[in-house]
Amino acid sequence: MASDDRNTGGDRTTGDEDGLLGQVRRKLIDTKRKWAAEGRGLSGRTGPRPEAERLPTGQRLVTNFPVLDLGIQPEIRPGDWELTVAGAVENPVTLRWADFQALPQVRMRSDIHCVTTWSRYDNDWDGVSAFALMDLVQPKPEARFVLLHSYDGYTTNLDLDGFADDDVLLAHAWQGEPLTREHGGPVRLVVPKRYFWKSAKWIRRIEFSETDQPGFWEVRGYHNYADPFEEERYS
Ligand SMILES: Nc1nc2c(c(=O)[nH]1)N[C@H]1C(S)=C(S)[C@@H](COP(=O)(O)O)O[C@H]1N2
Ligand SMILES: [Mo]
């Protein structure tokens, strides 16, 4: 990675194992092995929740996809989009659209639980896993929290284990279609194990930190951790 904080990688040909992608793949495997050995990122559960326990208390199932935000829906064309990942990391980067698309892509299916009591099952998200991003930037040992910044000025915070989970991704597509502007396109975070306000739309910056900095809703009384299965709505 270039030391000027910018990924200018000109070596993104598929299969070039000496290039950026090869490095990411090798580090990805190393990190997963290390984390497995430490037992990190474990939710204490393997496989999906039994169907009878799938809907958290106080939630109702919807089949539409409600839109919730602060009323500002920034229009960022992919060509203008930049994501900076910085703070307590070895390799800070600023990714542009092509850099982001060149990272390993995954599809993940998950449920959404919004604190306003709607839940939506089986959302298919395409994008870059939090693991792949961390393999790229290499969080320092002292990194324990993450603050997400968005193009509309929104912020939200996560503990590192909340961000570094195997179902977390930076998504650019939903149900096989490019993520729409109202749902946070071109790229949003998806954190299925927390209420949906932790899933920052129009993501602009990811800051790893030693200290926890509450985000927009967290300073306004929303729960810091936000586990829907514990009904951690407000603090
Ligand atoms: N940038 C940004 N991200 C955001 C918000 C916001 O206002 N700005 N609202 C949050 C809240 S409260 C919810 S419930 C979800 C809603 O996402 P949706 O509009 O795709 O349903 O986005 C979250 N992420
Ligand atoms: Mo929300």
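Before going into details, it helps to say that this report is about the structure given with it. (Residues numbered from 1 in each chain as written. Chains lettered and ligands numbered in written order. Predicted model: local features only at pLDDT ≥ 70, side-chain atom pairs only at ≥ 80, totals over all residues. Heavy atoms only, no water.)

**As for the site of ligand 1**
Right, so step 1: Near ligand 1 there are 21 residues, and of these Pro-66, Asp-152, His-183, Arg-188 and Lys-201 occur at the shortest range.
Right, so step 2: At 3.1 Å from an oxygen atom of ligand 1 is found a main-chain nitrogen or oxygen belonging to Leu-70.
Right, so step 3: With respect to ligand 1, the side chain of Ser-150 contributes an N or O atom lying 3.2 Å from a nitrogen atom.
Right, so step 4: Burial of ligand 1 by the protein amounts to 98% of the accessible area it has alone, namely 540 Å². (Near = heavy atom within 4 Å. Polar contact = N/O pair within 3.5 Å; in protein donor to acceptor, adjacent residues only side chain to side chain. Areas by Shrake-Rupley, 256 points an atom, 1.4 Å probe, with all protein chains shown as cover.)

**Considering the side chain of His-172**
Right, so step 1: Summarising the element assignment, His-172 is placed in strand β8 (residues 169–174).
Right, so step 2: Residues contacting His-172, with those up to four places away along its chain left out, are Trp-97, Phe-100, Gln-101, Gln-105, Asp-126, Gly-127, Glu-177, Pro-178, Leu-179, Pro-186 and Val-187. (Helix = DSSP H or I, 4+ residues; strand = E, 2+ residues; numbered from the N terminus. Contact = heavy atoms within 4.5 Å.)

**A short note on unusual backbone geometry**
For residues other than glycine, phi is negative in most cases, and the peptide bonds are mostly trans.
Right, so step 1: Along the chain, Gly-185 connects to Pro-186 via a cis peptide bond; the corresponding omega equals 10°.
Right, so step 2: Even without being glycine, Ala-226 reaches a positive phi, approximately 70°.
Right, so step 3: Position of Ala-226 among the secondary structure elements: in the segment after β11 (203–209).
Right, so step 4: Positive phi, normally seen in glycine, also occurs at Glu-231, with a value near 50°.
Right, so step 5: A relative accessible area of 36% means that Glu-231 is categorised as partly exposed. (Buried < 20%, exposed > 50% of the residue type's maximum accessible area, 1.4 Å probe, protein only.)

**Considerations on the pairing of β11**
If a strand is regular, its side chains alternate between the two faces of the sheet.
Right, so step 1: Taken together, the 4 bridges between strand β2 (residues 82–87) and β11 define a ladder with parallel strand orientation. Residue Val-85 lies in a different strand from β11, and its bridge partner there is Ile-206.
Right, so step 2: Examined bridge by bridge, strand β6 (residues 145–150) and β11 share 6 bridges and lie antiparallel to one another. In the strand pairing of β11, His-149 is matched with Arg-205. (Pairing = 2+ DSSP bridges.)

**Notes on the environment of Tyr-154**
Right, so step 1: Checked against the element boundaries, Tyr-154 lands in the loop between β6 and β7 (155–159).
Right, so step 2: Contacts of Tyr-154, omitting those with residues within four sequence positions, involve Leu-70, Leu-148, His-149, Trp-197, Phe-216 and Trp-217.

**Details of the pattern of salt bridges**
Right, so step 1: Using the criterion set out here, one finds 15 salt bridges in the structure.
Right, so step 2: A salt bridge links Asp-69 to Lys-201; the nearest nitrogen and oxygen atoms lie 3.2 Å apart. Within this pair, whereas Asp-69 is found in the loop between β1 (60–61) and β2, its partner Lys-201 is found in the loop between β10 (188–190) and β11, the two being separated by 132 residues in sequence.
Right, so step 3: Using a relative accessible area of 30% as the deciding quantity, one classes Asp-69 as partly exposed.
Right, so step 4: On the accessibility criterion, Lys-201 (8% relative accessible area) is buried.
Right, so step 5: For Arg-181, the salt bridge identified is with Glu-75, shortest N-O distance 3.5 Å. With Arg-181 in the loop between β9 (177–178) and β10 and Glu-75 in the loop between β1 and β2, the pair connects residues that are 106 residues apart, well separated along the chain.
Right, so step 6: Taking relative accessible area as the criterion, Arg-181 reaches 40% and is therefore assigned partly exposed. (Salt bridge = Lys/Arg side-chain N within 4 Å of Asp/Glu carboxyl O.)

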